[in-house]
Amino acid sequence: MSDSDNRSVVDLRRDLHAYPEAGWKEFRTTALVADELAERDFTLHLGDEAVAPDERLGVPPEDELLAAVERARREGAPEEYLERMDGITGLVASKTYGDGTGPVVGVRVDMDALERTEAQDDDHRPVDEGFVSTHPNEMHACGHDGHTAIGVGVARELDRGGGFDGTLKLFFQPAEEGGRGGLPMSETAHLNDVEHLVAIHLGLGIETGTVVAAFEHPLSNAKLDVTFHGEPSHAGGAPEEGRNALQAAAAAIQNLYGLPRHSDGVTRINVGQVRSPNPQNIIPEHVEMRVEVRGDSADLNDSMLERARRVVSAAADMHDVDVQTGLYGKTTTFAADTDIAEAVANAARDVDGVDEIVACDDMAGSEDASYLIRRVQENGGQATYVGIGASNPYGHHTARFDIEEESLPIGVDVVSETVRRL
């Protein structure tokens, strides 16, 4: 992915789409981006220089990470950058333009894919045009391949010169899915001097040609891993000798959904995963499940999380089993800053292909760029989360998700022009 390849952002997006990497496994993606940005004289911070390792959430087992590194190596990731990552993905790249007297502007894009298998139907465009995922149970079903391509495209565009005399910092964040990578990236010193931060997302139900200058108020979110440990016994011969972990999980699920919502604002709860590998004639001894809570404020989210923990603990006590809980991921909420949102809107007006600009809208889901945004704001800077329309008949996180690729140069131009205007 060097400059000599002279590939468009569409070509880059398609390459990343064909080789998707789930959270904390983005070794090929990170290495290829680093290789191009190094040729453009960016200063690179990789791995534990890009994220705070001890703050990472939902990190896969070591054997999965090692296998992901080896796969990236087979698929052309430059060895130099694999070694520099040392098992931890993430990249912060910075470069000063002109006389350097202008502001420090950050652009945050995410890189990870989802753990699901992509559709193989002949009428699915990535199949028809030859860039469908080559990795089972991994696909770019949320547009992060396009986000990464836009981040690289912004570097290319600003390198063409003119209009910006400040410092650009590109934050290529790992593990957005599940809310696992934003917090550890926000806990580094790279955001300390950022005066303006722009985060982006493609799609989100917005048609190509529309730009939302400021999405805000995503729900705070927390994902809780729960493991029940009981005692097995023969279900027919000695059921009384067992301690039924699945019964505890069933009680927990029923009572989790029975938790009352809060009068102070919107709250949500969902049990998304339940796994019990036991055969039908054994009292189940082991159950794993993942619970998700949300709230329209961090306090409401924390309240739901605490109540969920109490429910699973009580269910374990009721059925005499042990329980362990661990935080898999977490996000917070934010409000966008008016001045930087207006700069995005003004920039978008001069971009070919943009035919509608929405000043501000609420975000229905959750987003861990919230931690980077809040960090910049706490330091006195301004931040916004920009929606770049990308038409698609199939929703995010589905097996047939795709993006209209005309949105990619629009995204590059909107972000680049915003940086110049700031």
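Here the residue numbering is sequential within each chain, running from 1 through the sequence in written order. For a predicted model such as this one, the threshold for reporting local features is a pLDDT of at least 70, and the threshold for listing and counting side-chain atom pairs is 80 or more; totals across whole chains, interfaces and linings nevertheless cover every residue. With hydrogens and water stripped out, all remaining heavy atoms of the structure feed into the side-chain values.

### Considerations on the packing of aromatic side chains
Next, step 1: Here is the rule: rings of Phe, Tyr and Trp (six-membered ring for Trp) pair when centre to centre is within 6.5 Å. Planes less than 30 degrees apart are stacked, more than 60 are edge-to-face, and the remainder are tilted. For the structure shown, the criterion picks out 2 aromatic pairs.
Next, step 2: Arranged with centres 6.0 Å apart and planes meeting at 50°, the rings of Y97 and F164 form a pair that is tilted. Here F164 lies in the loop between α6 (144-159) and β4 (167-173) and Y97 lies in the loop between β2 (91-96) and β3 (104-110), a separation of 67 residues in the sequence. With respect to burial, Y97 and F164 carry one shared label: buried. Under the DSSP-based scheme used, a helix requires at least four consecutive residues in state H or I and a strand at least two consecutive residues in state E, with every element numbered from the N terminus. When accessible area is computed with a 1.4 Å probe and restricted to protein chains, residues below 20% of their type maximum are described as buried, those above 50% as exposed, and intermediate ones as partly exposed.

### Here we look at the sheet that holds strand β8 (residues 267-275)
Next, step 1: At least two DSSP bridges between two strands are required for those strands to pair. Taken together, 4 strands build an open sheet; the order of strands is β8-β9-β7-β10 and the sheet is antiparallel. The sheet is open, and its two edges are formed by β8 and β10 (322-331), each paired on a single side. Ignoring strand direction, the axes of neighbouring strands in this sheet form an average angle of 20°.
Next, step 2: Relative to strand β9 (residues 286-295), strand β7 (residues 220-229) is paired through 10 bridges, and the arrangement is antiparallel. Within the sheet, the bridge partner assigned to A222 lies in β9 and is V293. Lines are fitted to the C-alpha atoms to define the axes, a helix being fitted only along its stretch in contact, and any angle between axes, read from their N-to-C directions, falls within 0 to 180 degrees.

### A word on the pairing of β9
Next, step 1: Burial runs high along β9: 8 of the 10 residues are buried.
Next, step 2: Strand direction decides the pairing type here: β8 and β9, joined by 8 bridges, are antiparallel. Within β9, the position partnered with V271 by the bridge is V291.

### Some points on the environment of T418
Next, step 1: Structurally, T418 is set in helix α12 (residues 407-421).
Next, step 2: T418 sits 214 residues away from L204 along the chain, and the two C-alpha atoms are 21 Å apart.
Next, step 3: Look past the residues within four positions of T418 in its chain and what remains in contact with it is V198, A343, V344 and A347. Every residue pair with non-hydrogen atoms within 4.5 Å of one another is taken to be in contact.

### Regarding α6
Next, step 1: By definition here, a helix of n residues has an expected span of 1.5 Å times n minus one. Taking 1.5 Å of rise per residue, the 16 residues of α6 would be expected to cover 22 Å, and the 23 Å separating its terminal C-alpha atoms lies within 8% of that figure.
Next, step 2: Trailing α6 by a residue or two, G161 shows a phi angle of about 95°, which is positive.

### Some thoughts on the packing of α6 against α12
For any two helices packed against each other, one specifies the inter-axial angle together with the distance between the axes.
Next, step 1: At a minimum axis distance of 9 Å, the contact between α6 and α12 shows a crossing angle of 50°. The orientation of α6 relative to α12 falls into the category oblique. For the pair α6 and α12, the sense of crossing is right-handed. On α12, the residues touching G146, I150, G153, V154, E157 and L158 of α6 are L408, G411, V412, V415, S416, V419 and R420.
Next, step 2: Each residue is assigned to one class: nonpolar for Ala, Val, Leu, Ile, Met, Phe, Trp, Tyr, Cys and Pro, charged for Asp, Glu, Lys and Arg, and polar for all the others, Gly among them. Of the residues in the contact of α6 with α12, the class split is 7 nonpolar, 4 polar and 2 charged. Here the word oblique covers every angle except those under 35 degrees (roughly parallel), over 145 (roughly antiparallel) and from 65 to 115 (roughly perpendicular). Two helices that cross are described as forming a left-handed crossing if the nearer one is turned anticlockwise from the farther one by less than a right angle, and a right-handed crossing if clockwise.

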